[in-house]
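Chain by chain, the residues run as shown.
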Amino acid sequence: MWRQPLVALPSDRKDARGPQSNPLCSLKSPTMGEEGGGRSCGTTRELQKLKQQAMEYYQQNDVPRRLEEMLNSTFYLQPADVYGHLANCFSKLAKPPTICRVVGKNVLDGLGLPTLQVEIFCTIQNFAKVDAEELERKDAVSTAVQWVNEAITQELQGIAPSNQAQVDQVLRIFFENKVQEEKEKRELEKSTEDSVVVPILSPLPPVLPPPPAKKKGQKQGRNDIIVEKPITPAEPVERVLSGSMAIGAVSLAVAKTSAMLGNNPLYLNIALLKHRQEQQKKLTIPLLMVSMISCGKSSPGKLNLMKEVICIPHPGLTAKQGVEMLLEIQKHINKTIEMPLPPKAETKKGHNGGKRGQPQITGKMSHLGCLTINYDTTEQPLLLIQGICASLGLELGINLHLAINCAAHELMDYSKGKYEVMMGTYKNATEMVDLYVDLINKYPSIIALIDPFRKEDSEQWDSILNALGSRCYIIAGNASKSISKLLEDGNISTPKSSGLIINHTNQTTVSDLVEITDLIESKKYITAFGSTEGESPDDSLVDLAVGLGVRFIKLGGLSRGERVTKYNRLFTIEEELVQNGTLEENAREQLKRKKERRECKVAHIQVDKSQIHYVGKKCWYIYIVLKHSK
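A quick note: this is a predicted structure, and the numbers were derived from the prediction, not measured. (Residues numbered from 1 in each chain as written. Predicted model: local features only at pLDDT ≥ 70, side-chain atom pairs only at ≥ 80, totals over all residues. Heavy atoms only, no water.)

## Observations regarding the overall build of the chain
Stage number 1. On a plain count of helices and strands, the chain comes out with 18 helices and 20 strands.
Stage number 2. Looking at the 630 residues of the chain, the share that counts as buried comes to 42%.
Stage number 3. Counting only contacts in the chain whose residues sit at least 6 apart along the sequence, the fraction spanning at least 24 positions is 68%.
Stage number 4. Of the roughly 35700 Å² of accessible surface on the chain, 53% is carried by carbon and sulfur atoms. (Helix = DSSP H or I, 4+ residues; strand = E, 2+ residues; numbered from the N terminus. Buried < 20%, exposed > 50% of the residue type's maximum accessible area, 1.4 Å probe, protein only. Contact = heavy atoms within 4.5 Å. Areas by Shrake-Rupley, 256 points an atom, 1.4 Å probe, with all protein chains shown as cover.)

## Overview of the packing of aromatic side chains
Stage number 1. Tallied over the full model, the rule gives seven aromatic pairs.
Stage number 2. With a centroid separation of 6.3 Å and 65° between ring planes, the pair formed by Y419 and F453 is classed as edge-to-face. In this pair, Y419 sits in strand β13 (residues 418-422) while F453 sits in the loop between β15 (446-450) and α11 (458-468), placing the two residues 34 residues apart along the sequence.
Stage number 3. Accessibility expressed as a relative area gives 1% for F453, which makes it buried. (Phe/Tyr/Trp six-rings, centres within 6.5 Å; stacked < 30°, edge-to-face > 60°.)

## A look at the pattern of salt bridges
Stage number 1. In this structure the tally under the stated criterion is 23 salt bridges.
Stage number 2. D518 is the partner of K274 in a salt bridge, and the nearest nitrogen-oxygen pair spans 2.8 Å. Note that K274 is positioned in helix α7 (residues 266-274) and D518 in helix α13 (residues 510-522), a separation of 244 residues in sequence.
Stage number 3. Relative accessible area serves as the criterion here: at 6%, K274 is assigned to the buried category.
Stage number 4. For D518, a relative accessible area of 23% corresponds to the partly exposed category.
Stage number 5. Among the salt bridges present, the one from R276 reaches D518, with a minimum N-O distance of 3.0 Å. Here the residue R276 occupies a position in the loop between α7 and β6 (283-284), and D518 occupies one in helix α13, the gap between them amounting to 242 residues.
Stage number 6. The exposure class of R276 is exposed, given its relative accessible area of 57%.
Stage number 7. When salt bridges with common partners are traced through the structure, they connect D62, R65, R66 and E69 into a single cluster. (Salt bridge = Lys/Arg side-chain N within 4 Å of Asp/Glu carboxyl O.)

## Digging into the side chain of S498
Stage number 1. Inspection of the secondary structure assignment puts S498 in the loop between α12 (483-489) and β17 (499-502).
Stage number 2. Leaving out residues up to four positions away in the same chain, S498 has contacts with L465, C472, Y473, I474, Y525 and I526.

## Some points on the nonpolar core
Stage number 1. Core analysis: the biggest nonpolar cluster contains 93 residues, and L305, I333, Y436 and L449 have the highest contact counts within it.
Stage number 2. Here I333 is in contact with M292, I293, L371, I373, L384 and I388, once residues within four sequence places are set aside.
Stage number 3. Core analysis: the second largest hydrophobic core is formed by 27 residues, C122, V170, L171 and F174 among them. (Core = buried A, V, L, I, M, F, W, Y, C linked by side-chain atoms within 4.5 Å.)

## Observations regarding helix α14 (residues 540-548)
Stage number 1. With nine of its nine residues buried, α14 lies for the most part within the structure.
Stage number 2. At the C-terminal side of α14, G549 shows a positive phi close to 70°.

## Digging into the confidence of the model for the chain
Stage number 1. Confidence along the chain averages 79 in pLDDT terms, with 73% of residues attaining 70 or more.
Stage number 2. Predicted confidence is poor over residues 1-37, with pLDDT under 50, and the contacts of this stretch with residues over four places away or in other chains come to 50 contacts.
Stage number 3. For the stretch residues 346-356, pLDDT sits under 50, and the model shows four contacts to residues farther than four places along the chain or on other chains. (pLDDT = per-residue confidence, 0-100.)

## Topic: the packing of helix α2 (residues 63-77) against helix α3 (residues 82-93)
In helix packing, the relevant descriptors are the interaxial angle and the interaxial distance, both defined with respect to the helix axes.
Stage number 1. Relative orientation of the contacting elements α2 and α3 amounts to 145°, with a least axis distance of 11 Å. Considering only the axes of α2 and α3, their crossing is right-handed. Contacts between α2 and α3 involve R66, L67, M70, S73, T74 and L77 from the first element and V82, H85, L86, C89, F90 and L93 from the second.
Stage number 2. Taken together, the residues of the contact of α2 with α3 sort by class into eight nonpolar, three polar and one charged. (Axes fitted to C-alpha atoms, helices over the stretch in contact; angles between N-to-C directions. Left-handed = near helix turned anticlockwise from the far one by under 90°. Nonpolar A, V, L, I, M, F, W, Y, C, P; charged D, E, K, R; others polar.)

## A closer look at unusual backbone geometry
Stage number 1. A cis amide bond links T494 to the next residue, P495, at an omega of 0°.
Stage number 2. Position of P495 among the secondary structure elements: in the loop between α12 and β17.
Stage number 3. One non-glycine residue, Q78, lies in the positive phi region at around 50°.
Stage number 4. Its location among the elements puts Q78 in the loop between α2 and α3.
Stage number 5. For N263, which is not a glycine, the phi torsion comes out positive at approximately 55°.
Stage number 6. Within the element layout of this structure, N263 appears in the loop between α6 (245-261) and α7.
Stage number 7. Judged by relative accessible area, which is 71%, N263 ranks as exposed.

## Looking at the sheet that holds strand β12 (residues 412-413)
Stage number 1. Spatially, the three strands line up as an open sheet ordered β12-β13-β14, and their pairing is antiparallel. Every interior strand has two partners, whereas the edge strands, β12 and β14 (425-427), have only one.
Stage number 2. Here helix α10 (residues 429-442) sits on the sheet in contact with β13 and β14, set at roughly 105° to β14. (Pairing = 2+ DSSP bridges.)

## Observations concerning α10
Along an α-helix, residues three or four apart share an orientation, since each turn contains 3.6 residues.
Stage number 1. An ideal rise of 1.5 Å per residue puts 20 Å on 14 residues; α10 measures up with 20 Å between its terminal C-alpha atoms.
Stage number 2. Those residues of α10 that are buried lie in contact with β8 (306-313), α9 (379-391), β13, β14, β15 and α11. (Expected span 1.5 Å × (residues − 1).)

## With respect to the pairing of β8
Stage number 1. The buried fraction of β8 amounts to eight of the eight residues, a majority that puts the element mostly inside the structure.
Stage number 2. Relative to β8, strand β7 (residues 287-295) runs antiparallel, the two sharing four bridges. Bridge assignment links V290 to a residue of β8, and that residue is C311.
Stage number 3. As defined by bridge partners, β8 adjoins strand β11 (residues 400-405) across six bridges and the pair is classed as antiparallel.

## Side note on the side chain of E420
Stage number 1. Mapping E420 onto the fold places it in strand β13.
Stage number 2. At a separation of 2.8 Å, a polar atom in the side chain of E420 contacts the side chain of K297.
Stage number 3. Setting aside anything within four residues of it in sequence, one finds E420 in contact with K297, N304, L411, T425 and Y426. (Polar contact = N/O pair within 3.5 Å; in protein donor to acceptor, adjacent residues only side chain to side chain.)

Here you go:
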């Protein structure tokens, strides 16, 4: 076998093109140097030394052995494109790409707010190339851009994008140092302020209102004055370090770069990280949570309680089929709003003659991608969707389920210590539990309540979970702590809930997302991956949701480009999984069976056993299911 190594050495031949055109490679070994030719001994020794260095360099990099194998395989294969085959062989031996530069830019998102764009540049086969970018929204973009362009790009130079754990660890240490710097800066400012003595006047004690006067003849009893339990003050808002968005944006940009270099979709790379590099045979598509109507605090009507009325298509439908059904419902909602009210009959004097007629129902598109409608009661938006479903031949609770984002933290009136569920209508925390129970009793198609209370009302979270936990999910969104705080505490049960909505924001790295979903699953909670209110057109969060295997994905409404692009990405992933035979529908089927069990119990109560033999096979099935479940 031929084992002659290649070495780099200058040629003795010189021509009119000059020494620069001399080849630097020869098949001669160092012992095969030129003899004679009038050369001096010094020149010969220099050539021998250079040849020796070349031989050591190539041997250290295992060039002779690999080249021998490559040439032998080429000879046996005898490809039509010899050099193309050799180029492919050499590319496999090249070092993996490494990060050489990270660039941050200040751009705008779909709402015209400042957003961070991150570009990752890698060295690929000795050339610097750009491979991915990540958009992330947050304030203080200028600080984040500075971090990315200066310190972070230096910290990540030379690291392989495929080593996500190492990248995230470097980012985590960098952020911890920044937090420590900020802490020391605040302490220094505080000590400077304390050195300046400012006289503080003691505040006057508050004047208590006089007790209500007793009516004449009223007997004294324990119900004279009902003293309500004071509300728990709001917890301090978690401090967000200016520029923290750089950490999450760079982490995701590196993950996208690694996927692109490996010629894999991002969701597969995330799934490998999630399952410790173990290839998964099946992946699931999360159940859709689609915002249809907004009747929250900012809506023009009196109703404040329903920031989002969310539709969840039947688990047996594909994501595309579910969205097509919801688009039809949305079309009918638009028609209902545009339709003028019928003329009101004249009222006789003394019969509500002084009252105004019913106001025109209007709607406008919100930043959530759904219509904001001016409704006044909790029943109106639910009856609207119920009526539209009936006209389309759909049944709530079977073809379609509902969820309500209550956003209770926006409803608290701290001067009264109550929630303002409707304009001028206030309820304390205990009354809110009764309100939700009545709502679920009346509309059993509601299978999830998001943020029904502030996070400080822990007692009411326990109460509503005990009252409704077996009938619908009680999910903490804004009421939950940040991911970094949850991981730091290792506790996700405050407030007590059925599951959490997680977002990729601020300093949350891809490794943090993997860790928090593992923690949530270990506690038997459900995970919903949500988008932020100020979204960018980047659709990577869909890949994150699929790769992490979450139960629900909450992308907002079916309008606005920055949200629709994410639904399109979900359709693409679903089609890829179907084509590859890797789509797992366990999550959908589990929810489907849960709803069927609930429907079976209700149906059995309504069906007379004597009628089962001719009512149909479905009723007989219902009877058998209940019989075996006893």
